[in-house]
Amino acid sequence: MFEAIAFYLFAALTIVMFTITVMTSQALYALTAMAAGMIFISAFFFLLGADFLGVIQIIVYTGAVMALYAFGMMFFDTTRNVVEKGTNPQIVFVLGVLAAVMVVTIFVAPIVSNNIQALYPIQENIGNSQAVGMVLFTKYLVPFELAAVMLLVAMIGGIVLAGKKMDKSLTLMKEEEIGGLDEGFEPEAGGH
Amino acid sequence: MDVAFIIETIAKIVVILLIFSALAGLGTYFERKVLAFMQRRLGPMHVGPFGLLQVAADGIKLFTKEDIIPQNVVKPIFKIAPIITAATAFMASAAIPFWPQFTVFGYTVHPIVADINVGILYVLAIMAIGLYGPLLGGMASANKWSLISAARSAAIFISYEVITGLALLAPLMMVGSLSLIDINNYQAGGITHWIVWSQPVAFVLFWIAAFAETGRTPFHLVANDHEIIDGFGTEYSGMRWGMFFIGEYANMFFISFVISIVFLGGFGDGTIAGAIQLLLKVSFFFFFFLWTRAAWPDIRPDQLMWLCWKVLMPIAVLNVVGTGIVMMF
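Presented here is an overview of the structure given in this document. (Residues numbered from 1 in each chain as written. Chains lettered and ligands numbered in written order. Predicted model: local features only at pLDDT ≥ 70, side-chain atom pairs only at ≥ 80, totals over all residues. Heavy atoms only, no water.)

1. Considerations on the overall build of chain A
Counting secondary structure elements, chain A contains eight helices and zero strands. For chain A, the succession of helices and strands along the chain, N to C, is α-α-α-α-α-α-α-α. Burial statistics for chain A: of 192 residues in total, 19% are counted as buried. Element-wise, carbon and sulfur atoms account for 73% of the exposed surface of chain A, whose accessible area totals about 14,100 Å². (Helix = DSSP H or I, 4+ residues; strand = E, 2+ residues; numbered from the N terminus. Buried < 20%, exposed > 50% of the residue type's maximum accessible area, 1.4 Å probe, protein only. Areas by Shrake-Rupley, 256 points an atom, 1.4 Å probe, with all protein chains shown as cover.)

Shown next, in the form of structure tokens:
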């Protein structure tokens, strides 16, 4: 009974949160609803007995949405509504039809795949994190390592793009020195 | 589901909530007394014996104050932000074993709400959500100081989460489990089995990161009085402001429990002596939070980032690699 109550509660909460994310024109509402929705999704992992994945869902998405907040802070005045430009009606139509088809597929899928089988069911004597580790480092080793390499590439790219003049501290400089630095940042003058 | 189990769980939740919200209030009293002692002042002394009832006076003041919502704020977010900080602090405590199991009238009580097998990850994840309180409060207030505070809280969160995770990885590799009870039992053999002796670097790193996660001096940048007034709390009044404090002090207690259990043996073999030792360790770490506040100045945001990415993170990574090499051979 508790599982059913929890499932329907969190299902409703998740849907409401993501609806707010899509419908609102307030950047702060959208971001907060998205963070809440992502955290509510972890409840389904907990209900299914996948504690490890549930906690990882929370850790990953609180951090990821926090980064989005940083962008929101830079691009918008978050206490005001964002005024969108008029959008192309054809694009709205195509996206709307695609979304409708997707929702129908999601609702029909359980009927079609009644014979679904768990490839790696939860075992009593092996912990959650061990089970994930075993699958990750045997069957899915190559995708896992590829993802690691891609993240490394992204990290190095980020450092190279953002790391110019990193040895100078803007906080410790005087006004005139910072002015001089700005000219140095021109690509032609800097020679980077 | 077993009725006794439900009643027991609800009772545990209520007891933890009552004890730690009272402790959070008393924590402010201890903080003022310790700071006063170190700065040669008297601290609170007029209300009740030794000023002990100052906590009650502050509580009455906060509860009866007008709940002001300023005009240009984003109202729902502004109202919900303090609740996030306070609620997540207590939610995090669900996986912390506060005391070894004991028997009352033939009924064994486990003083932990939910012994999930990813306990430590759960505690840290929920504590991390607590930082959404300052972030949302700061962004929803139509105030520049609050916005700066929100930006700092996002930066601290993203940076120091890395240190916490990497510092914990090395001891967790040795224990081979994420449950706080397993971690405690790994060190049950006495003081020589404590993880702090085999992982001193991880201990120091985690301790430093704990200061950043709870936002205490010297990493008190989110509400640094002399630069940004009260940061995210500038626009708040009454109990909403008080909830930020309850969350902060409860977090200080819970992170002290986590440090004591992971690195300093926790409650040991589960005897009464071990349980009292655990409380003493927690008290020491809580006192240390107050001690640094009296003794250290706050550092600048760029120094904080420098410390995180250029000093602590490489050390943490080297520590993990070193632990792995030692465990392999």
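2. Some details on the interface of chain A and chain B
Listed per partner, the contact involves 33 residues of chain A and 34 residues of chain B. Summed over both sides, the interface of chain A with chain B buries roughly 2,600 Å², with 78% coming from carbon and sulfur. Across the chain A-chain B interface, the total number found is zero salt bridges. Only α2 (27-47), α3 (51-75) and α5 (128-137) of chain A provide two or more residues apiece to the side of chain A that touches chain B. Per-element accounting of the side of chain A that touches chain B gives the leading share, 14 residues, to α3(A). (Contact = heavy atoms within 4.5 Å. Buried area = accessible area lost by both parts, 1.4 Å probe. Salt bridge = Lys/Arg side-chain N within 4 Å of Asp/Glu carboxyl O.)

3. Observations regarding helix α13 (residues 301-328) of chain B
All names here are of chain B. In this model α13 runs 39 Å from its N-terminal to its C-terminal C-alpha over 28 residues, within 8% of the 40 Å that 1.5 Å per residue would give. Of all bends in α13, the biggest is about 35°, found at L312, and the proline P314 comes one to four residues later. Every buried residue belonging to α13 is among L304, L307, C308, L312, A316, N319, V320, T323 and G324, and all of these are buried. Where α13 is buried, its residues touch α6 (144-175) and α9 (200-214). (Expected span 1.5 Å × (residues − 1). Bend = angle between axes of the 7 residues up to and from the residue.)

4. Notes on the packing of helix α1 (residues 3-38) of chain B against helix α11 (residues 238-263) of chain B
Geometrically, a packed helix pair is captured by the angle between its two axes and the distance between the axes. Residue and element names in this part refer to chain B. Taken N-terminus to C-terminus, the directions of α1 and α11 make an angle of 95°; their axes are 8 Å apart at the nearest point. Considering their axes alone, α1 and α11 lie roughly perpendicular with respect to each other. Between α1 and α11, the contacting residues are F20, L23, A24, G27, T28 and E31 on the first element and I246, Y249, A250, F253, F254 and F257 on the second. (Axes fitted to C-alpha atoms, helices over the stretch in contact; angles between N-to-C directions. Parallel < 35°, antiparallel > 145°, perpendicular 65-115°, else oblique.)

5. Some details on unusual backbone geometry
Residues and elements named next belong to chain B. Of note in this structure, R40 is not a glycine but carries a positive phi near 55°. R40 gets classed as exposed once you look at its relative accessible area, which sits at 80%. In this structure, F50 is a non-glycine residue whose phi angle is positive, near 55°. Looking at the secondary structure, you find F50 in the loop between α1 and α2 (54-64).

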